[in-house]
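What follows is the residue order along each chain.
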Amino acid sequence: MEEEVRSLPASTVDQEELLSELLSHDLHASAEPVMRALLSDYERNLGPDDPATISLYDTLGHTLYQMGLTPEAEAMHREAYSRSKLRNGPDDPDTLAYAHNLATALVMSAEREEGLALLTRTMERRESVHGPDHAATLETASVLGAVLFESGAQEHGFALLERVYTAYRTTLGEHDLQTLAAGGNLAAAVHTLGHTEEAARLLVVVLSGYVRTLGPDHSLTLGTQQRLRRMGWYIDIDVP
């Protein structure tokens, strides 16, 4: 049986365009009331289980997190995950994306144990659905690796961080922004383990990539240069 196609009023479409504009400029505080009004419209016109409604709960969670409203952000991410799991099943790619977002919010708050368990399940399911080197799998592996490393499971966490960096280099290339971010995370772990020279050499590679990709004056380029200086490495910003 085909699903009923329901349309949105013109006023709601206008609100969608306004929301898109606000989010494109990271104006989260201004976007939040617009998002809540849209959620009400979506619930009424599309229904509580429509993919657009579920997605907006997740987006609202992100906005609330950016505003520092962590408990409510978790609640919105949990709502999106629960509704998608019921509608689409636990292994649906959208459900797994919402699971990742919820788990990330949880590990950054007081619910680290629940978040770690959900991250682990999500990585395993994404690997089963997409494969080990898919971008979605690596996204969750990267967060899980960092959290495990910081939580004391350094060997397991480091292995995941190393795996993510290697996979990104192979699939996306050395100068892709995701590869460079993964390289920076791996360098931090290497440095924490006491291998300063190895970490610095990896950061030189990352710095070179940021210069090529974003230019010498970008905040990520300058931030990486500062990280190297704190290690005692003074590298010219025009590093090739």
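Given the structure is predicted, the values throughout are model-derived calculations rather than measurements.

Draft legend 1. View of the pattern of salt bridges. Using the criterion set out here, one finds 11 salt bridges in the structure. In this structure, the salt-bridge partner of Arg163 is Glu127, at a minimum N-O distance of 3.1 Å. Here the residue Arg163 occupies a position in helix 8 (residues 154–171), and Glu127 occupies one in helix 6 (residues 112–130), the gap between them amounting to 36 residues. Assessed through its relative accessible area of 33%, Glu127 is described here as partly exposed. Salt-bridge contacts for Glu174 lead to Arg169; the nearest nitrogen and oxygen are separated by 2.8 Å. For Glu174, a relative accessible area of 40% gives the class partly exposed. For Arg169, a relative accessible area of 37% corresponds to the partly exposed category. Through salt bridges with shared partners, a single network forms among Glu32, Arg36 and Glu72.

Draft legend 2. The arrangement of the environment of Leu60 in detail. Within the secondary structure layout, Leu60 lies in helix 3 (residues 51–66). Leu60 sits in the buried class, given a relative accessible area of 1%. Look past the residues within four positions of Leu60 in its chain and what remains in contact with it is Glu32, Met35, Arg36, Leu39 and Met76.

Draft legend 3. Layout of the environment of Leu8. Tracing the backbone through its elements, the reader meets Leu8 in the segment before helix 1 (10–24). Here the alpha-carbon distance between Leu8 and Gly209, two residues 201 residues apart in the chain, equals 45 Å. In this view, Leu8 contacts Val13, Glu16, Tyr42, Asn45 and Leu46; residues no more than four positions away in its chain are not counted.

Draft legend 4. Representation of the side chain of Asp58 in the model. Tracing the chain through its elements places Asp58 in helix 3. With no salt bridge to any partner, buried Asp58 finds its closest opposite charge in Arg126, at an N-O distance of 9.3 Å. In contact with Asp58, other than residues within four places in its own chain, are Met76, His77, Ala80, Tyr98 and Asn101.

Draft legend 5. Spotlight on the environment of Arg229. Secondary-structure assignment places Arg229 in helix 11 (residues 219–230). Given a relative accessible area of 34%, Arg229 falls into the partly exposed group. Distance in space between the C-alpha atoms of Arg229 and Ala200 is 9.4 Å, their sequence separation being 29 residues.

Draft legend 6. Main features of the nonpolar core. Core analysis: the largest hydrophobic core is formed by 55 residues, its most contacted members being Leu19, Leu56, Leu118, Leu144 and Leu186. Apart from residues lying up to four places away in sequence, Leu56 is in contact with Leu19, Met35, Leu38, Leu39 and Tyr42.

Draft legend 7. Structural context of helix 1. Look at helix 1: 21 Å from first C-alpha to last across 15 residues, which is about the 21 Å you get at 1.5 Å a residue. Taken residue by residue, helix 1 has Thr12, Leu19 and Leu22 as its buried positions. On an axial view of helix 1, the arc spanned by its buried residues comes to 80 degrees, and they lie on one face. Those residues of helix 1 that are exposed and aimed more than 90 degrees away from the buried face are Ala10, Glu17 and Ser24. Tucked inside the fold, the buried residues of helix 1 contact helix 2 (28–45) and helix 3.

Conventions adopted
- Residues numbered from 1 in each chain as written.
- Predicted model: local features only at pLDDT ≥ 70, side-chain atom pairs only at ≥ 80, totals over all residues.
- Heavy atoms only, no water.
- Salt bridge = Lys/Arg side-chain N within 4 Å of Asp/Glu carboxyl O.
- Helix = DSSP H or I, 4+ residues; strand = E, 2+ residues; numbered from the N terminus.
- Buried < 20%, exposed > 50% of the residue type's maximum accessible area, 1.4 Å probe, protein only.
- Contact = heavy atoms within 4.5 Å.
- Lys, Arg positive; Asp, Glu negative; His and termini not counted.
- Core = buried A, V, L, I, M, F, W, Y, C linked by side-chain atoms within 4.5 Å.
- Expected span 1.5 Å × (residues − 1).
- Arc of directions from axis to C-beta.

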